Amino acid sequence: MESAQRHRVIAIDGPAASGKSSVARELAQRLHFVYVNSGAMYRAVTWSVLQRGINPTDKSRIAQLIATLKFGCELKDGELRLLIDDVDLTPQLHEDRVNGEVSRVSTVPEVRQVIFNRLRDYANKYDLVVEGRDIGSVVFSETPFKFYIDASPEVRAQRRAAQGHRDQIARRDRADSSRSASPLIVAEDADVIETSHLTVDQVVDEIMKRLRKKNFRVAG
Ligand code: CDP
């Protein structure tokens, strides 16, 4: 089923507001890899569902919608972004309604499948740093480079509040960890990094150190 992966993939998973995005983006810049935020892809699909007035509990309507959407992508500032019907939905992705429903929409198998396929396809073209919930455990389970970024619930709530977003992260974590399709778990062979007392640069330094130990070749 899976295509051969020709490029290197670094998987960064973790719970809500653990700092994955900042870490993954910075790591990708240092390595000259392409950065992919898979959560943004789930958010874009969720926004499209809500925008059409589809009830987020109606899995069959969501599956029907998925079959009609045109998925594309754009490489911008070192980041691959999902386009839906040719539109980059980035400005809409942190709306309260998206925060509220993304975990539910992410349980729909057709949604997971389409994003899985796109992520695998990206890795046929580029070296990637991909962040998400199931990247090391499911989507790129074969990569030897996988990290689980964690932080205490208090620190994560503070980090999200500092971004100015309203987001019930504890509720989303419960939903993401308890669902049957690709739940948030720590992959058996993932390196766990507890980041509550670390800056983004310190976390990236730590990842670079651990990558070198895994014989990851750093260019330059
Ligand atoms: O903003 P935050 O880091 O908390 O989350 P995100 O990475 O933007 O992901 C938003 C939501 O998408 C998560 O709460 C999951 O429900 C879902 N998601 C997923 O199911 N699988 C992934 N690989 C990435 C995100």
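Structure: above.
Residues numbered from 1 in each chain as written. Predicted model: local features only at pLDDT ≥ 70, side-chain atom pairs only at ≥ 80, totals over all residues. Heavy atoms only, no water.

**Observations regarding the overall build of the protein**
Logical step 1: Across its full length, the protein carries nine helices and eight strands.
Logical step 2: Relative to the compact-globule value of 17 Å for 220 residues, the protein shows a C-alpha radius of gyration of 17 Å, a close match.
Logical step 3: In terms of its C-alpha atoms, the protein occupies a principal-axis envelope of roughly 50 × 40 × 30 Å.
Logical step 4: Considering only residue pairs separated by 6 or more positions, the protein has 75% of its internal contacts joining residues 24 or more positions apart.
Logical step 5: In the protein, 34 positive and 31 negative side-chain charges are present, and the distance between their average locations comes to 0 Å. (Helix = DSSP H or I, 4+ residues; strand = E, 2+ residues; numbered from the N terminus. Rg over C-alpha atoms; globule rule 2.2 N^0.38 Å. Contact = heavy atoms within 4.5 Å. Lys, Arg positive; Asp, Glu negative; His and termini not counted. Charge placed at Lys NZ, Arg CZ, Asp CG, Glu CD.)

**Focus: the environment of Arg172**
Logical step 1: Among the secondary structure elements, Arg172 is positioned in helix H8 (residues 169-178).
Logical step 2: A sequence separation of 156 residues divides Arg172 from Ala16, and the C-alpha atoms of the two residues are 7.3 Å apart.
Logical step 3: Apart from the residues within four sequence positions on either side, Arg172 is in contact with Ala16, Arg43, Asn99, Val102, Ser103, Arg133, Arg160 and Asp167.

**Some details on the packing of helix H1 (residues 20-31) against helix H9 (residues 200-213)**
Logical step 1: As a packed pair, H1 and H9 sit with axes 9 Å apart at the nearest point and diverge in direction by 55°. The angle between the axes of H1 and H9 places the two elements in the oblique class. Relative to H9, the crossing made by H1 is right-handed. Each of Ser22, Val23, Glu26, Leu27, Arg30 and Leu31 in H1 lies in contact with H9, whose residues at this interface are Val200, Asp201, Val203, Val204, Asp205, Ile207, Met208 and Leu211. (Axes fitted to C-alpha atoms, helices over the stretch in contact; angles between N-to-C directions. Parallel < 35°, antiparallel > 145°, perpendicular 65-115°, else oblique. Left-handed = near helix turned anticlockwise from the far one by under 90°.)

**Observations regarding the site of the ligand**
Logical step 1: Taken together, 19 residues surround the ligand, and among them Arg43, Arg112, Asp134, Arg172 and Asp176 come closest.
Logical step 2: Ser103 places a side-chain nitrogen or oxygen 3.1 Å from an oxygen atom of the ligand.
Logical step 3: In the complex, 98% of the free accessible area of the ligand, which totals 530 Å², lies under the protein chains.
Logical step 4: Among the secondary structure elements, those contributing two or more residues to the shell around the ligand are helix H2 (38-51), helix H4 (96-105) and H8.
Logical step 5: It is H2 that contributes the most residues to the shell around the ligand, four residues altogether. (Near = heavy atom within 4 Å. Polar contact = N/O pair within 3.5 Å; in protein donor to acceptor, adjacent residues only side chain to side chain. Areas by Shrake-Rupley, 256 points an atom, 1.4 Å probe, with all protein chains shown as cover.)

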